[in-house]
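An overview of the molecular structure
In case you want the letters, here they are:
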Amino acid sequence: MLAQRTALLNPSGTAAARATAKAAAAKGEEIIDLTAGEIWADIAPSVREGAIAAISRNLNRYTDTIGLMELRHALACKISAEATQPWSADEIAVTSGAKQALFNAAMALLNPGDEVLIPAPYWTTFPAQIVVAGGKPVFIETRHNNFVPRLTDLVAAITSKTKAIVVNTPNNPTGSIYDRDILAGIAKLAIDRDLWIIFDECYGAFAHAPHTHHPIVSVAPQARDRTLIVNSFSKSLALTGWRIGYLAGPKAVISAAKTLQSHTTSNPNVIAQHALLHYLERGDPAFQLQLQNHVANARARGLSILSGLTSVPSPAAQGGFYFYLDLTELLRRTNRNGREFNADDVVNALLTDAGIATVSGTAFGDPAGVRLSYGIDLELLDKGLQRLTATLNTWN
Ligand code: PLP
């Protein structure tokens, strides 16, 4: 009865983990939820002011499909500063979050059967959108190289059908940050083999010293005409519910994305657009610093608790706000009832035995990892990670 494409997709694994946590909490169980892909924080004062002013001005109508021209100009200034080279408004489309920017990119670039390289573990939506667009995800294992792809592995996976590579740094779920060398190598490979680069830098605001986030176009300006930058304010300003992000790239792609968006969602929410414009014009350095300090603090406290794990190495957590636990050794040692355990079993046991909700690596194409978000309240984080450490240590 339903279209075949509905069978191509599974529900988002991260959303399912969140729902399981909520269901357990609704039954009265005390659950500490470490599944969130968002930071618990207030709204930035400048964003709040901009939104209230827009409502007071009765701004209730459609805007240009890919956003207010003033906002696109302001985003061009932001990207120019980050990429250390000039960008213009006609190279930018405002979208309803980064998810729409990625979807527009997949729909604008891919023909049926085109292959897209995705380093694994990967954020679950990348392959899902590629499949909907008719493409074929090709996964590149990264565990053996601290969750950063090796150029040789990328080269080995390229075929005559390869059209693009997804680069997500800082990475969700692994927290790895790609350094300048690997970014330069990927850019050169893309140029040599005529590939697009889909560069998702949604977590770029959270790079933990000594690691630094580098936009790929700042490292390799010569790859700019084949790079699509995807970003949003969901993570950097803790505005997940406002649904505002952007796609930046060559004018032809932006124009195709505009046509597509004109037949799907039209413009992103007008109040969110004005709020972000106000934020970009006014700046809110105090809020940003506070948010970054909050995340840095949570990371430090979390790493100190997780250092007590006996069969799980401390996660690198170079960027973003996730700890990604590598369970390879724990799973090797744990062989209850003579059967092979994987990350799903660990996640289920953590929920039932310790009252902690986490996301299994299987949601990210990896049966040997678990993702823990540290974007939550610090006291809850402490309690959750202490329970997790105590529980996993009994498995040795
Ligand atoms: N890209 C990555 C790597 C993400 O982790 C997420 C959300 O979790 C997104 C994009 C989507 O962000 P948005 O909420 O702006 O659509």
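All values derive from a computational prediction rather than experimental measurement.

Thoughts on the packing of aromatic side chains
Overall, the coordinates contain twelve aromatic pairs when judged by the stated rule. Between Tyr122 and Phe139, the ring centres sit 4.5 Å apart and the planes meet at 15°, which makes this aromatic pair stacked. Of this pair, Tyr122 sits in the loop between β3 (115-120) and α5 (125-132) while Phe139 sits in strand β4 (residues 136-141), placing them 17 residues apart in sequence. Linked through ring pairs, Tyr203, Phe206, Phe321 and Tyr322 together constitute an aromatic cluster. The aromatic ring of Tyr322 is capped on one face by Arg371, whose charged end is 4.0 Å from the ring centroid.

Considerations on the sheet that holds strand β12 (residues 369-373)
An order of β9-β12-β11 is seen for the three strands of this open sheet, with the pairing classed as antiparallel. Looking along the sheet, the strands with just one partner apiece sit at the ends: β9 (322-326) and β11 (359-360). One ladder, built from two bridges, connects β11 with β12; its direction is antiparallel. Following the sheet pairing, Val359 is matched in β12 by Arg371.

Looking at the nonpolar core
Phe233, Leu325, Leu327, Leu372, Leu388 and Leu392 are the most contacted members of the largest nonpolar core, which has 122 residues in total. Here this core spans two domains, since at least three of its residues come from each of domain 1 (4-42 + 286-394) and domain 2 (46-282). If we ignore the near neighbours within four places in the chain, the residues touching Leu372 are Leu34, Leu306, Phe321, Tyr322, Phe323, Leu325, Thr358, Leu385 and Leu388. Ranked by size, the runner-up nonpolar core spans six residues in total, among them Ala17, Val359, Ala363 and Phe364.

So, the packing of helix α11 (residues 285-306) against helix α14 (residues 378-393)
At a minimum axis separation of 9 Å, α11 and α14 run at an interaxial angle of 20°. Between α11 and α14, the angle is such that the two are roughly parallel. When the axes of α11 and α14 are compared, the crossing they make is right-handed. Judged by residue contacts, His294, Ala298, Arg301, Gly302, Ile305 and Leu306 of α11 engage Leu378, Leu381, Asp382, Leu385, Gln386, Leu388 and Thr389 from α14. Class assignment of the residues belonging to the contact of α11 with α14 gives a composition of seven nonpolar, four polar and two charged.

Digging into the domain arrangement of the chain
When its domains are assigned, the chain resolves into domain 1 (4-42 + 286-394) and domain 2 (46-282). Taken over C-alpha atoms, the centre of domain 1 sits 25 Å from the centre of domain 2. If you look at the interface, domain 1 gives 32 residues, while domain 2 gives 28 residues. Summed over both partners, the interface of domain 1 with domain 2 buries about 2600 Å², with 59% contributed by carbon and sulfur atoms. When the buried area of domain 1 at its contact with domain 2 is split by residue, Gln318, Tyr324 and Phe364 rank highest and sum to 24% of it. At the boundary of domain 1 with domain 2, the tally comes to two salt bridges.

About the cut-offs
- Residues numbered from 1 in each chain as written.
- Predicted model: local features only at pLDDT ≥ 70, side-chain atom pairs only at ≥ 80, totals over all residues.
- Heavy atoms only, no water.
- Phe/Tyr/Trp six-rings, centres within 6.5 Å; stacked < 30°, edge-to-face > 60°.
- Helix = DSSP H or I, 4+ residues; strand = E, 2+ residues; numbered from the N terminus.
- Lys NZ or Arg CZ within 6 Å of the ring centre and 35° of its normal.
- Pairing = 2+ DSSP bridges.
- Core = buried A, V, L, I, M, F, W, Y, C linked by side-chain atoms within 4.5 Å.
- Buried < 20%, exposed > 50% of the residue type's maximum accessible area, 1.4 Å probe, protein only.
- Domains from an automatic or database assignment.
- Contact = heavy atoms within 4.5 Å.
- Axes fitted to C-alpha atoms, helices over the stretch in contact; angles between N-to-C directions.
- Parallel < 35°, antiparallel > 145°, perpendicular 65-115°, else oblique.
- Left-handed = near helix turned anticlockwise from the far one by under 90°.
- Nonpolar A, V, L, I, M, F, W, Y, C, P; charged D, E, K, R; others polar.
- Buried area = accessible area lost by both parts, 1.4 Å probe.
- Salt bridge = Lys/Arg side-chain N within 4 Å of Asp/Glu carboxyl O.

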